[in-house]
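These are the residues of each chain, in order.
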Amino acid sequence: MEKKKDVNCSSADAEKDDLQELLHTLEQHKSWDSRPLVRYERIWLPVMLFRPILTSQKHFKAEGTDIILTTMPKSGTTWLKALTFSIANRNVFSIHQSPLLSYNPHTLVPFLEYTIYRDQDNPELENIPRPRIFSTHMPFKILPDSIRESECRIIYICRNPLDQFVSHYHFMLQNKIEKDAIPLELDEVFDMFCQGIQPFGPFWDHMLGYWNAHLKNPQKVLFLKYEDLKQDISSHIKKIAEFIGFPFSAEEENQGMIEQISRLCSFENLKNLEVNKSGYFIGSIKNSSFFRKGEVGDWVNHLTPAMAERVKNLTETKFQGSGLVFKM
Ligand code: A3P
């Protein structure tokens, strides 16, 4: 038994050494908050997530009933987590006893890279009640193979680039992790954004990866836009429920279940819960920083018309011929 443990330890150590070696061969760049990004498979990843991402790629075994929520940061991840958790567990917890009232959505739906594989190579995931719901910011092309190959479902939510950029910039200012680090100015950060240099960027490649996967297999990948959910949440709650195989019965609809879930997960409700006004996610990120304004079009208050024009032109060029468009 001891021997087996030794063998396991040394293979895990060897794996870590290999990753460390690989990391040193890759291009790095300072991120918006001065922390390093590394360019892996043409994607800018936070260095601190490099090992967890590669480890989860190797070890995570998706099951057919799993639901994987995928997003670019600041695109509606928290909202999608709250919604999917509530829809999938509506027969387990009544709305008035929802765990969302006492836990931040990121606690209930953990990230593969920030939480589950953060410190472990082989976390215990067997005892999680089914359907298991996980999330990740990984682009489609670097997802663990088992997510792409199993019957599990992927729900992607994205957001127009101008609001995503502004949201991310504020999030970074709120969560300045290294006390002495001087965050970059908005102009400088904006320039990096346009060059694709941001965590999990380039922005456009992230979206196109999931968009193309959705076009290829819409039963496998549901593609949502933050702006559409803001416009009509009820029809999207129904859509998510059908997609994950938990459609609402006529009785549930008549009883107002969709409206109750919509209210529970609304920005105003979640933002004002004690758990989201205080407390931290992964030790250093304020729960409150996941709830800023929750609006479409806030970018007009922060970006110049010239900046917006630059992003609009870039977006048109990048998405040309893809069929993907945004309301900004
Ligand atoms: P703003 O910074 O524009 O306000 P993520 O969850 O991917 O980190 O994205 C955070 C963004 O989603 C923030 O946008 C946040 O305010 C908004 N948000 C969080 N919860 C929301 C909810 N329940 N409904 C709508 N928007 C929400």
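Counting restarts for each chain, with residues numbered from 1 along the sequence as it is written. In view of the model being predicted, local features appear only for residues whose pLDDT reaches at least 70, and side-chain atom pairs are presented and counted only at 80 or more, with totals across whole chains, interfaces and linings using the full set of residues. Here the side-chain values reflect all heavy atoms present in the structure, with hydrogen atoms and water set aside.

- Within an unreviewed UniProt entry, the label attached to the chain reads Sulfotransferase, and the organism entered is Sesamum indicum.
- According to the UniProt record, the Sequence similarities (unreviewed entry) comment for the chain is "Belongs to the sulfotransferase 1 family." UniProt positions are given in the numbering used here, feature names are shortened, and annotations may be inferred rather than shown by experiment.

Digging into the site of the ligand
Okay, step 1: Proximity is defined per residue: if any heavy atom of the residue lies within 4 Å of a molecule or strand, that residue is considered near it. The environment of the ligand is formed by 18 residues, the closest being Lys-74, Thr-77, Thr-78, Ser-167 and Lys-293.
Okay, step 2: Counted as a polar contact is a pair of N or O atoms within 3.5 Å, where, for protein atoms, one must be capable of donating a hydrogen and the other of accepting one, and residues adjacent in sequence contribute only when both atoms are in side chains. In the model, an oxygen atom of the ligand is placed 2.5 Å from a nitrogen or oxygen of the Thr-78 side chain.
Okay, step 3: Computed with a 1.4 Å probe, the accessible areas rest on the Shrake-Rupley method; for each residue, only the protein chains presented here act as cover. Protein chains shield 98% of the accessible area of the ligand, which is 560 Å² for the free molecule.
Okay, step 4: Elements represented by at least two residues in the shell around the ligand include exactly α3 (77-88) and α14 (267-271).
Okay, step 5: In this text, helices come from DSSP runs of H or I with a minimum length of four residues, and strands from runs of E with a minimum of two, each type numbered from the N-terminal end. The dominant element in the shell around the ligand, judged by the number of residues it contributes, is α3, at 3 residues.

Some details on α3
Okay, step 1: A helix is expected to span 1.5 Å multiplied by its residue count minus one. For α3, with 12 residues, the first-to-last C-alpha span of 16 Å sits near the 16 Å given by 1.5 Å per residue.
Okay, step 2: Only protein chains enter the area calculation, which uses a 1.4 Å probe; residues under 20% of their type maximum are buried, those over 50% are exposed, and those in between are partly exposed. Most of α3 is tucked away, with 12 of its 12 residues classed as buried.
Okay, step 3: Within the sequence span of α3, burial applies to Thr-77, Thr-78, Trp-79, Leu-80, Lys-81, Ala-82, Leu-83, Thr-84, Phe-85, Ser-86, Ile-87 and Ala-88.

Some thoughts on a negative patch on the surface
Okay, step 1: On the surface, a cluster of negative charge is contributed by Asp-13, Asp-17, Asp-18 and Glu-21.
Okay, step 2: For Asp-17, the position within the fold is in helix α1 (residues 2-25). Excluding any residue in a salt bridge, patches collect residues exceeding 30% relative accessible area, merging like charges within 9 Å and nonpolar Val, Leu, Ile, Met, Phe, Trp and Tyr side chains within 5 Å. Salt bridge criterion: a side-chain nitrogen from Lys or Arg within 4 Å of a carboxyl oxygen from Asp or Glu. As used throughout, the charge tally considers Lys and Arg to be positive and Asp and Glu to be negative, leaving His and the chain termini uncounted. Every charge is mapped onto a representative atom, which is NZ of Lys, CZ of Arg, CG of Asp or CD of Glu.

Focus: helix α2 (residues 47-59)
Okay, step 1: With 13 residues, α2 extends 19 Å from end C-alpha to end C-alpha; this agrees with the ideal 18 Å at 1.5 Å per step.
Okay, step 2: Within α2 the residues assigned to the buried category are Leu-49, Phe-50, Arg-51, Pro-52, Ile-53, Leu-54, Thr-55 and Ser-56.

Some remarks on the packing of helix α7 (residues 161-174) against helix α8 (residues 186-194)
Okay, step 1: Simply put, an axis is a line fit to the C-alpha atoms, just over the touching stretch for a helix, and the angle between two N-to-C directions goes from 0 to 180 degrees. Direction vectors running N to C along α7 and α8 enclose 130 degrees, while the axes themselves pass 11 Å from each other. When the axes of α7 and α8 are compared, the pair comes out oblique. Of the two possible hands of crossing, α7 and α8 adopt the one that is right-handed. Across from Pro-161, Gln-164, Phe-165 and Tyr-169 in α7, the residues of α8 making contact are Leu-186, Val-189, Phe-190 and Phe-193. What sets the label is the angle itself: under 35 degrees gives roughly parallel, over 145 gives roughly antiparallel, 65 to 115 gives roughly perpendicular, and the rest give oblique. We call a crossing left-handed when the near helix sits turned anticlockwise from the far one by less than a right angle, and right-handed when that turn is clockwise. Here, residues are in contact when the closest pair of their heavy atoms is within 4.5 Å.

Description of the state of the cysteines
Okay, step 1: Working definition: a disulfide is two cysteine sulfur atoms within 2.5 Å of each other. Taken as a whole and judged by the stated rule, the model has 0 disulfides.
Okay, step 2: No disulfide involves Cys-152; its sulfur sits 19 Å from that of Cys-158, the nearest cysteine.
Okay, step 3: Taking the relative accessible area as the measure of exposure, Cys-152 reaches 0% and is therefore buried.
Okay, step 4: Here Cys-194 stays free of any disulfide, with the sulfur of Cys-158 as its closest cysteine sulfur at 18 Å.

Side note on the confidence of the model for the chain
Okay, step 1: Confidence of the predictor at the level of single residues is given by pLDDT, which spans 0 to 100. Per-chain confidence: the chain averages 94 in pLDDT, with 96% of residues scoring 70 or above.
Okay, step 2: Residue range residues 1-5 is modelled with pLDDT below 50. Its contacts to residues more than four positions away, or to other chains, number 0 contacts.

With respect to the sheet that holds strand β3 (residues 43-46)
Okay, step 1: In this analysis, strands are considered paired if DSSP registers two or more bridges between them. On the basis of which strands lie adjacent, the open sheet formed by 3 strands has the order β1-β2-β3 and antiparallel pairing. The sheet is open, and its two borders are formed by β1 (28-30) and β3, each paired with just one other strand. Within the sheet, the average angular offset between the axes of one strand and its neighbour, ignoring direction, is 35 degrees.

Structural notes on the environment of Glu-316
Okay, step 1: By secondary structure assignment, the location of Glu-316 is in helix α16 (residues 305-319).
Okay, step 2: Taking the C-alpha atoms as reference points, Glu-316 and Phe-326, 10 residues apart in sequence, are found 9.7 Å from one another.

Quick look at the pattern of salt bridges
Okay, step 1: A complete count under the given rule lists 14 salt bridges for this structure.
Okay, step 2: Residue Arg-35 pairs with Asp-33 through a salt bridge whose shortest N-O separation is 3.0 Å. We note that Arg-35, like Asp-33, is buried.
Okay, step 3: Glu-253 serves as the salt-bridge partner of Lys-238, at 3.3 Å between the closest nitrogen and oxygen. Placement of the pair is Lys-238 in helix α11 (residues 233-243) and Glu-253 in helix α12 (residues 250-254), with a sequence separation of 15 residues.
Okay, step 4: A cluster of three or more residues bridged by salt bridges with shared partners is formed by Glu-63, Asp-66, Glu-126, Arg-130 and Arg-132.

Some thoughts on the environment of Pro-46
Okay, step 1: Along the polypeptide, Pro-46 turns up in strand β3.
Okay, step 2: On the accessibility criterion, Pro-46 (12% relative accessible area) is buried.
Okay, step 3: Sequence separation between Pro-46 and Ser-31 is 15 residues; the distance between their C-alpha atoms is 8.0 Å.
Okay, step 4: Discounting residues that sit within four places of it in the chain, Pro-46 has contacts with Pro-36, Leu-37, Pro-199 and Phe-200.

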